[in-house]
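Here is how the chains run, residue by residue.
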Amino acid sequence: MKILGLDSSGLVASAAVVEDDVLLAEYTTNYKKTHSQMLLPMLEELKNRIELDLQSLDAIAVASGPGSFTGLRIGAATAKGLGLALHKPLVEVPTLEGLAYTLWGTGRLICPLMDARRNQVYTGLYEFVPAKAELSQTELLLHTVSGQRAADISDILNEINTLGRKVIFLGDGVPVYREKIEEQVKVPFVFAPASCNRQRAAAVAALGAVYFREGKIVSAKEHRPEYLRKSQAEREREEKGGLA
C-alpha cells in the first residue's frame, strides 16, 4: 500500500510518501514562505527524488482540519486536484489526530495545541491503546479521549487536571501558552522535542494508511476541510450585521 500524505494545516508545510511500513520520502518546512508557494514544488521534488509514479499511489491522505483557513484550503485544493486527475480516493486525517500520531507509542496522554488566537487553541486529548486485549502492547491504536475542538486554553488545561494523568504537549500552541501550562497544570507533564512537536506528513500518511484499510475514504469531489469555527472575515461580517 502506497499513501501520499499532505499537511499544510498550520505553520508547517509537509509532504511524504509511505509504502506499507516504510517512509520512502518526506519534505517538511517550517518557514515564512506561504504554502501556496511551497507545497507543489515540495511534492515535485519528492516525486523526482524517489522516481514516484503518482499512478502507483493507492490514496492521498490530507490533514483535513482544523487549522489555518488558508493552509487548509491549499492542502484541500492540492489533494482534490491530484485525486481528480489520478482517480484516487482521499483519506481525511483530522489535523490533531495526525499531530498526536507523531508520538506513536507513548504511554502518556497526548495534548496537541494549535494556536487559534483570541486565547483559544485547536486541541483534543488522545492516547494509544492495544488494538485487542489478546495482542501484544506493540499493536497500538490511536484512541480519542476528548475530540478535537476550538477551546479556551484554560478549559483544556482544567480538563487535563481533572483526568489526573501524565501528559505530553506538542504543537505550535505550546510556545504561545507555555507559561500558562506551567502555571496551571497540576499533573506531571512534558513538552515534545523538536523532532516530533509539529505536523509531519509522514504521520498523516501512516495514519491515513490505517484509515484506508478501515475503509475511511472519500472521493476527491466529496472532500471538504473541517474548519471547526468561522473565519475572521465571517465573524466580522456577522458583527457588522449585528450592529446594523
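Residue indices follow the written sequence of each chain, beginning from 1 at its first position. Selection of residues for local features in this predicted model requires a pLDDT of at least 70, selection of side-chain atom pairs for listing and counting requires 80 or more, and totals for whole chains, interfaces and linings are taken over all residues. Heavy atoms throughout the structure, all of them, feed into the side-chain values; hydrogens and water do not.

Asker: How do you make sense of the nonpolar core when you look at a structure like this?
Answerer: Side chains of nonpolar character tend, in soluble globular proteins, to be buried together. For our purposes a nonpolar core is just a set of buried Ala, Val, Leu, Ile, Met, Phe, Trp, Tyr and Cys residues, chained together by side-chain atoms within 4.5 Å. Between buried and exposed lies partly exposed: a residue is buried under 20% and exposed over 50% of the maximum accessible area for its type, with that area taken using a 1.4 Å probe on protein chains only. Of all hydrophobic cores here, the largest spans 32 residues; its most connected members are Val-93, Tyr-101, Leu-103, Ile-110, Leu-142 and Leu-207. By definition, any uninterrupted DSSP run of H or I lasting at least four residues is a helix, any uninterrupted run of E lasting at least two residues is a strand, and each is numbered from the N terminus. For this core, the secondary structure elements donating two or more residues are strand S4 (59-63), strand S5 (90-93), helix H3 (95-101), strand S6 (109-117), strand S7 (120-130), strand S8 (140-152), strand S9 (167-170) and helix H6 (201-213). For this core, the element with the highest residue contribution is H6, accounting for 7 residues. Setting aside its immediate chain neighbours within four residues, Ile-110 contacts Ala-100, Leu-103, Gly-124, Leu-125, Tyr-126, Phe-128, Ile-168 and Leu-170. In what follows, a contact means two residues having at least one pair of non-hydrogen atoms within 4.5 Å.

Asker: Hey, could you run me through the packing of helix H1 (residues 35-49) against helix H2 (residues 69-86) in this one?
Answerer: Between two packed helices, the angle of one axis relative to the other and the distance separating the axes together describe the packing. Convention adopted: a line fitted to C-alpha atoms gives each axis, helices being fitted over their contacting stretch, and angles between N-to-C directions are expressed from 0 to 180 degrees. In the contact formed by H1 and H2, the axes pass within 10 Å of each other and the chain directions differ by 35 degrees. Once H1 is placed against H2, the crossing between them reads as right-handed. In contact with His-35, Ser-36, Leu-39, Leu-40 and Leu-43 of H1, H2 contributes Gly-71, Ile-74, Gly-75, Thr-78 and Leu-82. Amino acid classes used here: Ala, Val, Leu, Ile, Met, Phe, Trp, Tyr, Cys and Pro are nonpolar; Asp, Glu, Lys and Arg are charged; the rest, including Gly, are polar. In terms of residue class, the contact of H1 with H2 is built from 5 nonpolar, 5 polar and no charged. Crossing handedness: left-handed means the near helix sits turned counterclockwise from the far one by under a right angle, and right-handed means the same turn made clockwise.

Asker: What should I look at first to understand the layout of surface pockets in this one?
Answerer: If you roll a probe as big as a water molecule over the atoms, it shows you where there is empty space left. Computed over the protein atoms alone on a 1 Å grid, cavities are sets of points where a 1.4 Å probe fits but cannot get out and pockets are open sets with protein on both sides within 12 Å along at least five of seven lines; a residue lines them when it has an atom within 4 Å of a point. Grid points are joined across faces, edges and corners, and a volume is the space filled by probe spheres set on the points. The space that makes up the second largest pocket amounts to roughly 570 Å³. What lines the second largest pocket is a set of 26 residues, and nearest its centre among them are Tyr-101, Trp-104, Ala-206, Leu-207 and Val-210. Broken down by secondary-structure element, the contributors of at least two residues to the lining of the second largest pocket are strand S3 (22-29), H3, S8 and H6. With 8 residues, the top contributor of residues to the lining of the second largest pocket is H6. For the lining of the second largest pocket, the class distribution of residues is 15 nonpolar, 3 polar and 8 charged.

Asker: What am I meant to see in the pattern of salt bridges here?
Answerer: Should their charged atoms come close, side chains of opposite charge can pair. Every case where a carboxyl oxygen of Asp or Glu lies within 4 Å of a side-chain nitrogen of Lys or Arg is listed as a salt bridge. Under the definition given, this model contains 7 salt bridges. Where Arg-49 meets Glu-45, a salt bridge forms, and the shortest distance between an N and an O atom there is 2.7 Å. With Arg-49 and Glu-45 both in helix H1 and 4 residues apart, the pair spans about one turn of that helix.

Asker: Would you mind showing me how to read empty space enclosed by the protein here?
Answerer: Applying the stated rule across the entire model yields 1 cavity of 30 Å³ or more. In this structure, the largest cavity encloses a volume near 30 Å³. Lining the largest cavity, in full, are Leu-11, Ala-13, Thr-29, Tyr-31, Lys-32, Lys-33, His-35 and Met-38. In terms of residue class, the lining of the largest cavity is made up of 4 nonpolar, 2 polar and 2 charged.

Asker: Is there a simple way to think about the packing of helix H4 (residues 153-163) against helix H5 (residues 174-184) in this case?
Answerer: One way to put it is that H4 packs onto H5 with a least axis distance of 10 Å and a crossing angle of 35 degrees. As for the relative orientation of H4 and H5, their crossing is right-handed in sense. On the side of H4, the interface is formed by Ile-153, Ser-154, Leu-157 and Asn-161, while H5 contributes Tyr-177, Lys-180, Ile-181 and Gln-184. Along the lines of polarity and charge, the residues of the contact of H4 with H5 split into 4 nonpolar, 3 polar and 1 charged.

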